[in-house]
Each structure stands twice: as C-alpha cells, then as structure tokens.
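Next come the chains, spelled out residue by residue.
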Amino acid sequence: MWHAQGFCAFVILAVEFEAQNSVKTKITSYLTFQIMQFNPGFDIKPIAKPMGFSYGNETFGPDVEIRTLDAIRKSLWDPECSGPEQVYAIAMDVGKIKHKEPLEQRHLLFGVVTYAAGTLGKEPVRSQGHIHKKSDYAQGWSTPEVYEIWSGEAIIYMQESANDYPGRCFAVHALPGEVVLVPPGWAHATISANASQPLTFGAWCDREYGFDYDDVRAHGGLAFFPFVKEGKIVWDKNKKYHGQELTIKSPRIYTEFGLEPGVPIYSQFESAMEKFQFVPRPDLYQNQWKQFVP
Ligand SMILES: [Fe+2]
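Per chain, the residues get numbers from 1 upward, laid out in the order the sequence is written. Only residues with pLDDT of 70 or above have their local features reported here, since the model is predicted, and side-chain atom pairs are shown and tallied only from 80 upward, although totals for entire chains, interfaces and linings are computed over all residues.

S.K.: What am I meant to see in the sheet that holds strand β5 (residues 86-92) here?
M.R.: Spatial ordering of the open sheet is given by β4-β5-β7-β18-β13-β16, a layout of six strands whose pairing is antiparallel. Unpaired on one side and paired on the other, β4 (65-68) and β16 (179-182) mark the two borders of the sheet. Looking at each pair of strands side by side, their axes are set apart by 20° on average, direction ignored. Looking at chain direction, β4 and β5 are connected through four bridges and run antiparallel. Paired with E65 across the two strands is I90, which belongs to β5. Between any two strands, pairing holds if DSSP finds at least two bridges. Under the DSSP-based scheme used, a helix requires at least four consecutive residues in state H or I and a strand at least two consecutive residues in state E, with every element numbered from the N terminus. A fitted line through C-alpha atoms serves as each axis, taken over the contacting stretch for helices, and the angle formed by two N-to-C directions is quoted from 0 to 180°.

Laid out in structure tokens, this is it:
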C-alpha cells in the first residue's frame with residue numbers, strides 16, 4: 001500500500017489488459033489489496049515526497065519531524081555513506097479528533113513513523129536505541145511500547161538492560177498487521193528489515209514519553225549491530241557488552257494483555273479504552289512482566 005510508483009505500474013498494466021476481462025478483474029482486486037493491505041483503524045496515510053502523513057477530516061496530527069541523512073551522519077557506522085536524503089519522518093500524537101480527550105485522560109499517545117527505503121551504507125535504516133524514561137505517572141516505572149507494523153518489514157530489537165550484561169536479547173521480525181510489545185525498562189530499537197520498501201509503523205506510548213540514551217551510548221550502541229548483507233539483516237556482537245546471545249523470532253499474541261490478533265491496535269483502543277492502560281501504568285501489571293518473552 002501507499003507506494004505511488006507501484007500503484008502507477010499497476011494502473012498501466014490494468015490499461016494494457018483492459019480487453020481481457022478475467023485478467024482485469026484479478027488486477028483490480030490486486031490493486032485494492034495494495035491500497036488496503038493494512039487499515040490502521042483511523043484515516044491516516046503515509047506519503048512519500050516530502051515524507052510524512054496525510055490526515056483525514058476526522059484525524060488530528062502534528063506537522064511531521066523529518067530527519068535527514070546529514071543530520072544523523074555522526075551516529076552512523078560510516079558517516080560518509082550514501083543513502084536516502086530524508087531518512088525518516090515522525091508524527092507523535094495522532095488519532096481521531098473525537099478521541100483527543102479520552103487519550104489525554106488515559107495518558108496515552110499514538111505515534112507514527114515512516115522509514116525511507118534503502119540503506120545507510122551497510123546499515124539498515126534504524127533508530128539509535130533507547131530506554132523509556134521512568135515516569136511519575138507510572139509510579140517510577142519505565143513505560144512499555146506497543147508497536148504495530150503498517151507496511152514494509154520491521155525488526156524490533158530489544159534487550160533486558162543496557163548494563164555490561166544485557167540479559168536476554170531478542171530480534172522480533174514483524175510484518176504488516178503484526179504487533180510487538182517492548183516491556184518496561186528494556187533497551188530497544190526499530191530496524192527496517194527490507195531495504196526495498198519503506199517501513200511504516202504505529203505505536204502506543206505513554207503520553208509523557210521520554211528517552212534515556214545514557215547507558216546505550218556508554219556502550220556505543222545496543223548489544224548487537226544490524227547490517228544488511230545480500231538483502232538480509234545480519235548481526236555483529238557489540239564487544240562492549242558481555243555474554244549476549246540473540247534470539248530471533250516472530251511476534252507472538254499477547255493474550256495476557258487482552259490483545260486481539262488481526263485487529264488494529266487503534267481499533268482495539270476505540271472499542272475498549274482501558275485495554276492499553278498497561279502502557280502508562282505498567283506498575284499495575286507486575287505479574288505479566290515477570291519473565292516476559294517478547
Ligand atoms: Fe521506544
């Protein structure tokens with residue numbers, strides 16, 4: 001969905017095959033599939049140039065923040081590398097206008113991000129890695145985050161801590177419609193797992209989200225560095241940590257939080273507004289976080 005070039009190519013194909021009705025029907029349904037591949041549950045669409053989002057009449061959202069390659073060069077493995085000029089676009093706090101108040105009351109915020117297609121030298125497009133700041137509203141707990149992939153492919157990488165011994169480390173490979181939950185206090189990063197497409201994802205966060213980069217930066221990054229080799233993500237251990245082992249997995253279904261597979265996380269909020277209270281108030285769900293497996 002939302003790939004303008006792909007859309008045009010299919011329109012041309014559709015015209016070429018106009019005379020062949022059965023083929024035309026197939027192409028028409030494929031076009032619909034391309035556009036409707038994932039419906040996030042409210043009216044918002046990623047746009048490519050300039051990178052950002054378009055909001056429908058009943059949707060609110062801010063002007064996007066765009067990060068350019070020049071702005072992030074210092075953080076890259078090869079600061080001289082080539083890559084997309086606009087690397088990613090972020091809009092924090094989007095949703096249906098009628099939900100502005102319920103969202104504020106519940107301390108919830110929905111954020112959306114698009115990563116450009118392509119790579120940054122040998123590196124995939126990714127975030128730097130952070131831990132969520134401890135929040136007063138969460139009684140001093142760091143808050144979790146619920147990701148949902150909208151298009152492209154993502155790896156949500158996470159490790160239990162950013163101390164010298166990072167504990168369990170996971171790379172969760174997620175496709176459109178899949179949900180990945182990062183538990184409170186874990187260091188994490190989002191990585192594009194398919195450089196041939198842009199990656200768009202949404203996430204439920206605590207409204208007073210803040211990031212703590214100190215421990216991650218003190219170790220020069222997270223415990224594993226992703227690189228792109230022959231179109232696939234490969235991992236190098238960061239030698240500033242000790243004893244790390246990586247588990248690569250697919251997302252699971254988080255029944256312990258009542259999450260429903262196949263239903264957009266925004267729609268799940270809309271039909272049960274208390275469902276995501278484990279995000280701003282993780283302290284009330286301590287049993288669910290014990291030995292949590294992403
Ligand atoms: Fe985060």
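S.K.: Would you mind going over the environment of R207 with me for this structure?
M.R.: Inspection of the secondary structure assignment puts R207 in the loop between β18 (199-206) and β19 (211-212). Separated by 70 residues in sequence, R207 and Y137 place their C-alpha atoms 9.7 Å apart. Filtering out sequence-adjacent residues up to four positions away, R207 remains in contact with E104, H107, L108, L109 and P280. Note on contacts: residues are paired as contacts if their backbone-placed C-beta atoms lie within 7 Å.

S.K.: Got a minute to help me understand the pairing of strand β13 (residues 145-151) in this structure?
M.R.: Consecutive residues of a regular strand have side chains that alternate between opposite faces of the sheet. Within β13, seven of the seven residues are buried, which leaves it mostly tucked inside the rest of the structure. Across four bridges, β13 lies against β16 in antiparallel orientation. Across the sheet, Y147 pairs through a bridge with V180, a residue of β16. Bridge count between β13 and β18: five bridges; the pairing is antiparallel. Residue pairing in the sheet places Y147 in a bridge with A203 of β18. Partly exposed residues are those whose C-beta has more than 12 but fewer than 20 other C-beta atoms within 10 Å; 20 or more makes a residue buried and 12 or fewer makes it exposed, with C-beta atoms placed from the backbone.

S.K.: Which parts of the structure should I look at to understand the confidence of the model for the chain?
M.R.: Any residue range with low pLDDT should be treated as having predicted coordinates unsuitable for detailed reading. Known as pLDDT, the predictor's per-residue confidence is scaled from 0 to 100. Of the residues in the chain, 88% have a pLDDT of 70 or more, and the chain-wide mean is 89. Scored below 50 in pLDDT, residues 1-36 shows 24 contacts in the model against residues more than four places distant or in partner chains.

S.K.: Before we go on, may I ask you to explain the nonpolar core in this structure?
M.R.: Inside soluble globular proteins, nonpolar side chains tend to come together where they are buried. One finds V146, A154, I155, I156, Y157 and W204 to be the most contacted residues of the largest nonpolar core, which totals 64 residues. The element contributing the most residues to this core is strand β7 (residues 108-115), with six residues. Think of a nonpolar core as buried Ala, Val, Leu, Ile, Met, Phe, Trp, Tyr and Cys residues chained together by C-beta atoms that fall within 7 Å.

S.K.: Help me understand unusual backbone geometry, please; the structure alone is not making it clear to me.
M.R.: Most of the time, phi is negative for any residue but glycine, and the peptide bond is trans. The residue after K49, namely P50, is reached through a cis peptide bond having omega -5°. Along the chain, P50 turns up in the loop between β1 (44-47) and β2 (52-55). One non-glycine residue, D93, lies in positive phi territory at about 75°. Summarising the element assignment, D93 is placed in the loop between β5 and β6 (95-96).

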